[in-house]
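A structural walkthrough
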Number of protein chains: 4
Amino acid sequence: MTPRVAVAGASGYAGGEILRLLASHPGVEIGAVTARTSAGRTLGEVHPHLTSLADRVLEETTADTLAGHEAVLLALPHGRSAALADALPPHTPVIDCGADFRLRDPADWRRFYGSEHAGSWPYGLPELPGARAELRNATRVAVPGCFPTAATLALFPAHAARLVEPEAVVVAASGTSGAGRALRPHLLGAEVMGSMTPYGVGGGHRHTPELVQNLSRAAGERVTVSFTPTLAPMPRGILVTCSARLRPGTAADGGEEEVRAVFEAAYADEPFVRLLPPGRWPSTASVLGSNTALVQIAVDPAARRLVCVGAIDNLTKGTAGGAVQCMNLALGLPEGLGLPVNGTAP
Amino acid sequence: MTPRVAVAGASGYAGGEILRLLASHPGVEIGAVTARTSAGRTLGEVHPHLTSLADRVLEETTADTLAGHEAVLLALPHGRSAALADALPPHTPVIDCGADFRLRDPADWRRFYGSEHAGSWPYGLPELPGARAELRNATRVAVPGCFPTAATLALFPAHAARLVEPEAVVVAASGTSGAGRALRPHLLGAEVMGSMTPYGVGGGHRHTPELVQNLSRAAGERVTVSFTPTLAPMPRGILVTCSARLRPGTAADGGEEEVRAVFEAAYADEPFVRLLPPGRWPSTASVLGSNTALVQIAVDPAARRLVCVGAIDNLTKGTAGGAVQCMNLALGLPEGLGLPVNGTAP
Amino acid sequence: MTPRVAVAGASGYAGGEILRLLASHPGVEIGAVTARTSAGRTLGEVHPHLTSLADRVLEETTADTLAGHEAVLLALPHGRSAALADALPPHTPVIDCGADFRLRDPADWRRFYGSEHAGSWPYGLPELPGARAELRNATRVAVPGCFPTAATLALFPAHAARLVEPEAVVVAASGTSGAGRALRPHLLGAEVMGSMTPYGVGGGHRHTPELVQNLSRAAGERVTVSFTPTLAPMPRGILVTCSARLRPGTAADGGEEEVRAVFEAAYADEPFVRLLPPGRWPSTASVLGSNTALVQIAVDPAARRLVCVGAIDNLTKGTAGGAVQCMNLALGLPEGLGLPVNGTAP
Amino acid sequence: MTPRVAVAGASGYAGGEILRLLASHPGVEIGAVTARTSAGRTLGEVHPHLTSLADRVLEETTADTLAGHEAVLLALPHGRSAALADALPPHTPVIDCGADFRLRDPADWRRFYGSEHAGSWPYGLPELPGARAELRNATRVAVPGCFPTAATLALFPAHAARLVEPEAVVVAASGTSGAGRALRPHLLGAEVMGSMTPYGVGGGHRHTPELVQNLSRAAGERVTVSFTPTLAPMPRGILVTCSARLRPGTAADGGEEEVRAVFEAAYADEPFVRLLPPGRWPSTASVLGSNTALVQIAVDPAARRLVCVGAIDNLTKGTAGGAVQCMNLALGLPEGLGLPVNGTAP
């Protein structure tokens, strides 16, 4: 029997993208679709692009409406997942797109989110060493944040292979859907079109500790991360430009072969990460609507740094696609089922 | 056995979109992929978003490379299709995205294209009355232009039902991919971003006679069309704003119920045309990457005009999606196979 | 002594543009700058582009703060101007960017705005026949709406010369700043980028009666207008595509010379309207930040219609620039003082 | 008598911006306006936004057409300036927007430009310590590149005060006008809208040695720079996100006061650089069309790095505005004459 999947928080951008992917997913059926203030409205009103689901009505997000499904995907504001998850059967896979269960260190949580730590769940980035086994048939999964997904995929092989010093600099550009659907003046179209601006500069962005956690785990040592996100004039997409100082022994000849070999090995069997051939660079347009991460590297011999660039769609691989990938693993389905690898361009 | 399909002119935007759709089409297999000046390059270089086809190499566009397929899709510059089609077996379905075989009147062709008319093929807009039967198992199909697709779908039921006078005014906004991939100064990103500008004003655009042909055929009388395309600062999408003077008897009470009923009947069973509920308006974002046309109508009692608005993705329903829809019909496959109905938004 | 000018409603987009123009205006000095909910904040916070005024503090919008200036510019939401204007000395020029005093027919006002009509002031479009004399040294001026400015300038000479039938069709594309700074979901950057969508279709937009008023006045007969505005993915700019049926005697040979001569005569001495040479078309990028309106015309002999296209910056010529032009006239300054004619492009 | 200024290379984006600024400059008059392949065309054709100069005809770029002016501004492709400058009188100020005379080290020039070094001229960034005196009444000036302008202004006070280690990481986002007006496939509107992509990664961009030169000079020691430019979906604007490791003694308490004081001192008297108040961040929209650079800093205590962000308009402060600023100094005019400090937003 086809598993039925519920989606909570379906009125936001992440929820809409989950529904877009599930609507053409051949291995699951969409069950309850819930929201809070938008409950009672149709999906046609809330997500006019979801033509095939236009007449579906959003229900209230409660444990009751979410019960009785083979999996539940949560796309809620931070801090709302724990209570719901507690009310769902422990054997029902719950895939949480929120931040609540991503961080392992309660002090990190308190410092960046200001509330009590709810705990930590298996971290839903199957491409990290050892992660896939943990995620297969998992019943609780914390889907990574969009920036950590992009920057971790672009950088972690270098840290894991100790090619670079444990100090990364990450500058990211994100489409404005990354800021969500909340009404804030600086997100008005007239403000964002034609403009780039940074935010959360100086280590204050909530994705910083998650990135530190990922890279430190890969490196087996504490990695510091200087992370600066910027808002770019596009609806979707993340481009991360990451760099770290080369260790004295790495790329001593100034060439990139050694580094490339490490990245090739890391991604040889990954269906959703593609290391580009030399000389070509990732663009966010190339991954629009897809679950693909494009990665490229360059050695800067003069500055003695390794530069790693990655591009993802923040709503697909960065959120909803990552969640469906984890859901597939949790339900024992083929990992890539229903997930596009080709972008929609131009 | 799965039919193998060749794509000629695969390096352009239309060709790339055809490949994107075919790559996830469950009923066909991609055969030869050909180009002219890009022959020898990989699809990864030419269409970096087509990750699943990145290593495929473009062959030369010749009758030989296209031979031996169950269907051939042509995405060539105008004037190149006839010679190729002649060299292909008459029973092999050839789906032509070019203009060569769209117009029935040789005088129209000569006036707008300046060369000899190659002839006319079945017109690939299945939603037109009577068209679907002609397209099923057809061996030659002329896929409509992007603007005529949008404007015909938005307007034809009104003309067919004689709700309006035979004089339509159509103003269209198109994303810049509609102008193709040729290098022209006014298509540079710095020129188009933040700017709208018209072109082909005064009846000079080549899609004008095609639109006249479609609406006249629907109306059973000669319809004149004032058509003005504009270039909009977006990569994809067409929004058509059409209007025509209401006939004296139509909407005499100023209400739109009568008109709505006509449009509802016209589109009740169409999988790719959706008449929106009252009060909601089509947007190009809602159809991005999908084969859906969204349509809405309004009666303007003061101006005594019917306004019909339609939105499509110029590269999908407007070109490549329409072509695949016709290919499905030609091959006897379900009409909607492999064609997304949901857009990718925001 | 340099006249001091107050600006009320300075926190919105129109208010910000007025300040941008006044900051480099050689003939006036900026006096009180007021707002409602933003009172107490600095201009640096509210309009970060106004570097030269960054430390100015917004005062409360009251008759008291506005008193004692040589002119007062109002950029308030509709319905707020009358009370303020009444409290200002009758000899102090008040230039109102709101709609309150634009319409002459109280029935129009009630139908489109739903409240009591406050009256009508001299209409601030100096380019209309007879208008300039009325505006010179005027003490109360109603600045036109952005769409009526663009469409009136593109069309009125044709109606005034009776070249066309009294039935105009106007389709306009506007940058999203035209919708103001209010927080509405469909104005979020992620929604508007890459998308075009219509609104107020079927005659419902509040600028319709203003346009009817202008064209009827020019024609000396009642002109009906089918007006459809669309929201375009750009911060600023309006492109209007207007057309009307040619009268039987006009352009009988299908040529446009006769029409062009009429437009050339109409704009020969206008500093802010430029009829482009044949074959070139207005773009909104060309007028960004300037007070210029670019106009072009084409005769469509097959459809027997005249197509007139106009481009303005909705915030400059369409609002703030128009207001400063009227302020200059009211204060007896040279009409074009402080008003840029060149756009900022690309 | 008002000095007459010639502009060579007037058909490109930099040339167009120079003309836009000069057209409203109260202290100079535009003399010869020259180009190569566009010679004979009007400015109205080439730069449709320059309404006030629409009928001016572009002359051939030769020493003869440029002779007899009080100053000459060159906006030519790299490698063309030397020959022209040699043919102009040595006492006539020549302000070169090209790269030819920016670098002091011939080896740098050869490595990044592959030809013989033409020499070095006074470097036209008046904000650098000691530069202004050298530029006043200078007869030859090399205007900085757009990226070096932005990054130098954002970073140099930190290096000059030895707050940071001599290793800077600079990630820049540029509007696509920065790539010039040449026709290249990746600059088509359909490719750039909605997309971000890096280029010249790994130290290969030609602005790298210029940035190293500037920061090293400010620091009094060799500074290495890892520079990654990215192409952003906007016509204009540069946002630079720069960071460098704090020296052990700097910001030992994790606070930013000490750093802020250094930047405040550096920019206290600069008319075109504004250090924003704490908590506000530069955006490219805020400086559109202006000669202003907005700068902000943050200390990241966890990563022990100083992050400096700067925003400029690449065509104004980054090229043409910087050139006019230098021209003013060279002609003995007030440095800021004719240069807007306020951006055009939203």
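Along each chain, the written sequence defines residue order, and numbers are assigned to residues from 1. Starting at A for chains and at 1 for ligands, labels are handed out in the order in which the entities are written. Local features in a predicted model are, by the rule used here, given only for residues with pLDDT of at least 70; side-chain atom pairs are given and counted only at 80 or more, and totals for whole chains, interfaces and linings are based on all residues. Only hydrogens and water are set aside; all other atoms, that is, all heavy atoms of the structure, feed into the side-chain values.

- By the naming in an unreviewed UniProt entry, chain A goes by N-acetyl-gamma-glutamyl-phosphate reductase and is assigned to Streptomyces termitum.
- UniProt positions are given in the numbering used here, feature names are shortened, and annotations may be inferred rather than shown by experiment. The heading Subcellular location (unreviewed entry) in the UniProt record of chain A holds the text "Cytoplasm".
- Per its UniProt entry, chain A bears the Pathway (unreviewed entry) comment "Amino-acid biosynthesis; L-arginine biosynthesis; N(2)-acetyl-L-ornithine from L-glutamate: step 3/4."

1. Focus: the overall build of chain A
- Numbering of helices and strands runs from the N terminus, with a helix taken as a DSSP run of H or I at least four residues long and a strand as a DSSP run of E at least two residues long. Scanning chain A for helices and strands turns up 11 helices and 13 strands.
- Relative to its length of 346 residues, chain A is compact, with a C-alpha radius of gyration of 20 Å against a globular reference of 20 Å.
- Taking the principal axes of the C-alpha coordinates as reference, chain A spans close to 60 × 45 × 40 Å.
- Here's how the labels work: a residue is buried when its accessible area is under 20% of the maximum for its type, exposed when over 50%, partly exposed in between, all with a 1.4 Å probe on protein chains only. Per-residue burial for chain A yields a buried fraction of 66% across its 346 residues.
- Contacts are assigned to residue pairs with any non-hydrogen atoms lying within 4.5 Å of each other. Considering only residue pairs separated by 6 or more positions, chain A has 70% of its internal contacts joining residues 24 or more positions apart.
- All accessibility values rest on the Shrake-Rupley procedure with a 1.4 Å probe; residue burial counts only the protein chains present in the view. Surface exposure of chain A reaches about 10,600 Å², of which carbon and sulfur atoms provide 52%.
- The positive count covers Lys and Arg only, the negative count covers Asp and Glu only, and His and the chain ends enter neither. A charge is said to be at NZ when it belongs to Lys, at CZ for Arg, at CG for Asp and at CD for Glu. For chain A, the distance from the average site of its 28 positive side-chain charges to the average site of its 31 negative ones is 2 Å. Here the globule rule reads 2.2 Å times residues to the power 0.38, and the radius of gyration is calculated from C-alpha atoms.

2. As for the pairing of strand β2 (residues 29-35) of chain A
Residues and elements named next belong to chain A.
- Here β2 lies mainly inside the structure; six of its seven residues are buried.
- Read as a crossover between parallel neighbours, the route from strand β1 (residues 4-8) over helix α1 (residues 13-23) to β2 is right-handed.
- Here, a strand pair is defined by DSSP locating no fewer than two bridges between the strands. As defined by bridge partners, β2 adjoins strand β3 (residues 59-60) across two bridges and the pair is classed as parallel. Following the sheet pairing, T34 is matched in β3 by E59. Here, the term right-handed applies to a crossover whose path from the first strand over the helix to the second runs clockwise when the strands point away from the viewer.

3. Brief notes about the relation of the copies chain A and chain D
- The two copies are related by a screw operation: chain A maps onto chain D through 180° of rotation and 0.0 Å of translation along the axis, at an RMSD of 0.0 Å. In symmetry terms, the pair is related by a two-fold rotation axis. Closest approach to the rotation axis among the C-alpha atoms of chain A is made by A:P233, whose C-alpha sits 3.1 Å away.
- Both copies contact each other with a shared surface, as 100% of the interface residues of chain A are interface residues in chain D too. Least squares is the method for superposing the copies, and the C-alpha atoms it fits come from residues with pLDDT of at least 70 in both.

4. A word on the UniProt feature "active site" (unreviewed entry) in chain A
All names here are of chain A.
- Per the UniProt record, "active site" (unreviewed entry) is found at C146.
- For C146, the position within the fold is in helix α7 (residues 146-160).
- Not counting chain neighbours up to four residues away, the residues in contact with C146 comprise H207, I238, I312, N314, G318 and T319.

5. Here we look at the sheet that holds strand β9 (residues 224-231) of chain D
Residues and elements named next belong to chain D.
- Within the open sheet, the seven strands sit side by side as β8-β9-β7-β10-β13-β12-β11. Their pairing is mixed. Strands with a single pairing partner mark the edges of an open sheet, and in this sheet they are β8 (197-198) and β11 (273-275).
- Interaxial angles span 0 to 180 degrees and are taken between N-to-C directions of axes, which are lines fitted to C-alpha atoms, for helices over the stretch in contact. Each of β7 (164-174) and β9 touches helix α9 (residues 208-219); the most contacted strand, β9, lies at about 135° to it.
- Packed on one face of the sheet, helix α10 (residues 257-267) meets β11, β12 (293-300) and β13 (305-312) and runs near 165° to β12.

6. Focus: the relation of the copies chain A and chain C
- Least-squares fitting of chain A to chain C yields an RMSD of 0.0 Å, with the superposition described by an axial translation of 0.0 Å and a rotation of 180°.
- Taken together, the interface assignments show that 100% of the residues at the interface of chain A recur at the interface of chain C, consistent with an identical surface on both copies.

7. A short note on the interface of chain A and chain D
- At the interface, 41 residues of chain A touch 41 residues of chain D.
- As used here, buried area is the combined drop in accessible area, with a 1.4 Å probe, of two parts when they are placed together. Taking both partners together, chain A and chain D bury about 3,200 Å²; carbon and sulfur atoms supply 65% of that area.
- Salt bridges are identified by distance alone: a Lys or Arg side-chain nitrogen within 4 Å of an Asp or Glu carboxyl oxygen. Applying the counting criterion to the chain A and chain D interface returns two salt bridges.
- Between D:R245 and A:E167 there is a salt bridge, with the nearest N and O atoms lying 2.7 Å from each other.
- Pairing of N or O atoms within 3.5 Å defines a polar contact, subject to two protein rules: one partner must be a possible hydrogen donor and the other a possible acceptor, and residues neighboring in sequence count only if both atoms are side-chain atoms. Here chain A and chain D share 10 residue pairs in polar contact (both at pLDDT 80 or more) between them.
- Those elements giving two or more residues to the side of chain A that touches chain D turn out to be β7 (164-174), β8 (197-198), β9 (224-231), β10 (238-246), β12 (293-300) and β13 (305-312) of chain A.
- Counting residues per element, the side of chain A that touches chain D draws most heavily on β9(A), at five residues.
- Only Asp, Glu, Lys and Arg are considered charged in this grouping, and only Ala, Val, Leu, Ile, Met, Phe, Trp, Tyr, Cys and Pro are considered nonpolar; every other residue, Gly among them, is considered polar. A per-class count over the side of chain A that touches chain D returns 23 nonpolar, 13 polar and five charged.

8. As for the pattern of salt bridges
- For the structure shown, the criterion picks out 59 salt bridges over all chains.
- Note that A:R260 and A:E256 form a salt bridge whose closest N and O atoms lie 2.8 Å from each other.
- By relative accessible area, which is 8% here, A:R260 ends up buried.
- Judged by its relative accessible area of 23%, A:E256 is partly exposed.
- A salt bridge links B:E116 to B:R110, with the shortest nitrogen-to-oxygen separation between them at 4.0 Å.
- Taking the relative accessible area as the measure of exposure, B:R110 reaches 41% and is therefore partly exposed.

9. So, the interface of chain A and chain C
- Between chain A and chain C, the residue contacts involve 18 residues of the former and 18 residues of the latter.
- Here chain A meets chain C over a buried area of about 1,500 Å², counting both sides, of which 70% is carbon and sulfur.
- On the chain A side of the interface with chain C, the three residues burying the most area are A:L183, A:L188 and A:M193, jointly 43% of the side's total.
- Counting every contact that joins chain A to chain C gives two salt bridges.
- The shortest N-O distance in the salt bridge between C:R181 and A:E191 comes to 3.4 Å.
- On the surface where chain A and chain C come into contact, there are eight residue pairs in polar contact (both at pLDDT 80 or more).
- Considering each element in turn, the side of chain A that touches chain C owes the most residues, four residues, to helix α8 (residues 189-192) of chain A.

10. A word on the environment of A:T42
- For A:T42, the location among the structural elements is in the loop between β2 and α2 (43-46).
- For the pair A:T42 and A:A54, spaced 12 residues apart in the sequence, the C-alpha separation amounts to 6.5 Å.
- Excluding anything up to four places from it in sequence, A:T42 contacts A:A54, A:D55, A:R56, A:V57 and B:R280.

11. Details of helix α10 (residues 257-267) of chain A
All names here are of chain A.
- Taken together, the buried positions of α10 are occupied by V259, R260, F263 and Y267. The buried residues of α10 occupy an angular sector of 95° when projected down its axis, which confines them to one face. Exposed side chains of α10 directed beyond 90 degrees from the buried face belong to E257 and A265.
- As for α10, its buried residues are in contact with α7, β11 (273-275), β12 and β13. The arc in question is traced by the directions running from the helix axis to the C-beta atoms.

12. Structural notes on the packing of aromatic side chains
- Here is the rule: rings of Phe, Tyr and Trp (six-membered ring for Trp) pair when centre to centre is within 6.5 Å. Planes less than 30 degrees apart are stacked, more than 60 are edge-to-face, and the remainder are tilted. Under the counting rule described, the total for this entry stands at 16 aromatic pairs over all chains.
- Aromatic side chains A:F101 and A:W121 sit 3.8 Å apart centroid to centroid with 5° between the ring planes, which places their arrangement in the stacked category. Of the two residues, A:F101 sits in the loop between β5 (94-96) and α5 (106-113) while A:W121 sits in the loop between α5 and α6 (131-135), which places them 20 residues apart along the sequence. Of the two residues examined, A:F101 and A:W121, each falls in the buried class.
- Each ring, one from B:F156 and one from B:Y267, has its centre 6.0 Å from the other, and the planes form 90°; the classification is edge-to-face. One end of the pair, B:F156, is in helix α7 (residues 146-160); the other, B:Y267, is in helix α10 (residues 257-267), and 111 residues separate them in sequence.
- Among the residues examined, B:Y267 registers a relative accessible area of 4% and is labelled buried.

13. Some points on the UniProt feature "domain: Semialdehyde dehydrogenase NAD-binding" (unreviewed entry) in chain A
- The UniProt record annotates "domain: Semialdehyde dehydrogenase NAD-binding" (unreviewed entry) at residues 4-136 of chain A.
- Across residues 4-136 of chain A one finds 29% helix and 16% strand; the C-alpha atoms that close the span lie 18 Å apart.

14. Things to note about the pairing of strand β1 (residues 4-8) of chain D
All names here are of chain D.
- Summarising burial for β1: four of the five residues are buried, a large majority.
- Here β1 runs beside strand β4 (residues 71-74); their pairing, made up of four bridges, is parallel. Bridge pairing in β4 places A8 opposite L74.

15. Re the state of the cysteines
Residues and elements named next belong to chain D.
- Throughout, a disulfide means two cysteine sulfur atoms within 2.5 Å of one another. All told, the structure shown has zero disulfides over all chains when counted by the stated rule.
- Its sulfur unpaired, C146 is 11 Å from the next cysteine sulfur, which belongs to C97.
- Not engaged in a disulfide, the cysteine C308 finds its nearest cysteine sulfur in C242; these two sulfurs lie 6.4 Å apart.
- Residue classification places C308 among the buried residues on the basis of a relative accessible area of 0%.

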